[in-house]
Amino acid sequence: QLQASGGGLVQAGGSLRLSCAASGRTFSRYMMGWFRQAPGKQRELVAAITSGGSTHYADSVKGRFTISRDNAKNTVYLQMNSLKPEDTALYYCAATLNYSLIPRHYHYWGQGTEVTVSS
C-alpha cells in the first residue's frame, strides 16, 4: 500500500516536497516512480528511482525535481523546485519490481496528491 502526501497550492517559482510512504518489508526491492496526470492528458512519468538508487527524470523536470528514497523509512520523496504552472497535476507514486518507465508496468499505486501552481 502506498500513501502519497505533500501536494498543495504554490506560486510559480515555489517549491513542494511530495512523500510516498509504503507499507510492507520489501520496499527496498522495488523501483519507485512518480507520475502525474493533468486534466485531459495522459499519465506521464515524472521521475523514477531504482532499488539501487539510480534515477531517471522526464526532460521537462530535469534540474528542477529530485527523487530520493529512504529505505529505512519505506518512503520515496519528490523535491520539486522552480515550479511552473504546467506542473499542475495529480501526482501519483507507484512501485514495480522490474525496471520500467511505463505506467502500466507498475503494480502498486498510491491515491494521488494534487499539485497546483499558480502564475
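Residues numbered from 1 in each chain as written. Predicted model: local features only at pLDDT ≥ 70, side-chain atom pairs only at ≥ 80, totals over all residues. Heavy atoms only, no water.

Chemist: I'd like a rundown of unusual backbone geometry, residues and numbers included.
Modeler: The backbone phi angle of Asn74 is positive, close to 50°, even though this residue is not glycine. Within the secondary structure, Asn74 is located in the loop between β7 (65-70) and β8 (75-80). The phi angle at Ser82 is positive, at roughly 50°, despite the residue not being glycine. Looking at where Ser82 falls in the secondary structure, it is placed in the loop between β8 and β9 (89-96). Residue class for Ser82 comes out partly exposed when judged on its relative accessible area of 41%. (Helix = DSSP H or I, 4+ residues; strand = E, 2+ residues; numbered from the N terminus. Buried < 20%, exposed > 50% of the residue type's maximum accessible area, 1.4 Å probe, protein only.)

Chemist: Please set out the pattern of salt bridges residue by residue, giving values where relevant.
Modeler: Under the definition given, this model contains four salt bridges. The residue Lys62 makes a salt bridge to Asp59 at a minimum N-O spacing of 3.1 Å. An identical accessibility class is assigned to Lys62 and Asp59; each is exposed. Residues joined in a network through salt bridges with shared partners are Arg36, Glu44, Arg64 and Asp87. (Salt bridge = Lys/Arg side-chain N within 4 Å of Asp/Glu carboxyl O.)

Chemist: Which residues make up the state of the cysteines, and what are the values?
Modeler: In total, this model carries one disulfide according to the counting rule given. Disulfide partner of Cys20: Cys93, at an S-S distance of 2.1 Å. The S-S bond linking Cys20 to Cys93 shows a torsion near 65°; that makes this disulfide right-handed. Residue Cys20 is found in strand β3 (residues 16-22), and its partner Cys93 is found in strand β9; the two are separated by 73 residues along the sequence. By relative accessible area, which is 0% here, Cys20 ends up buried. The class for Cys93 is buried, based on a relative accessible area of 0%. (Disulfide = S-S within 2.5 Å.)

Chemist: With reference to specific residues and values, describe the sheet that holds β3.
Modeler: Pairing is antiparallel in the open sheet, where four strands are placed in the order β1-β3-β8-β7. For this open sheet the edge positions go to β1 (2-5) and β7, each flanked by a neighbour on one side alone. Direction aside, the axes of adjacent strands within the sheet are offset by 15° on average. As judged from the six bridges shared by β7 and β8, these two strands associate in the antiparallel manner. Within β8, the position partnered with Ile67 by the bridge is Leu78. (Pairing = 2+ DSSP bridges. Axes fitted to C-alpha atoms, helices over the stretch in contact; angles between N-to-C directions.)

Chemist: Residues and numbers for the packing of aromatic side chains, please.
Modeler: All chains considered together, the criterion is met by five aromatic pairs. Summarising the aromatic geometry, the rings of Tyr92 and Trp109 are spaced 6.2 Å apart at their centres and angled 80° between planes, so their arrangement reads as edge-to-face. With a gap of 17 residues between them, Tyr92 in strand β9 and Trp109 in strand β10 (residues 108-109) connect regions that are remote in the sequence. Counting every residue linked through ring pairs, the aromatic cluster contains Phe35, Tyr92, Tyr106 and Trp109. Just above the ring of Trp109 sits the side chain of Arg43; from NZ or CZ to the centre is 4.7 Å. When the ring centre of Phe27 is taken as origin, the NZ or CZ atom of Arg69, which lies over that ring, is 4.6 Å away. (Phe/Tyr/Trp six-rings, centres within 6.5 Å; stacked < 30°, edge-to-face > 60°. Lys NZ or Arg CZ within 6 Å of the ring centre and 35° of its normal.)

The quantities given are spatial measurements derived from coordinates; they are silent on function.
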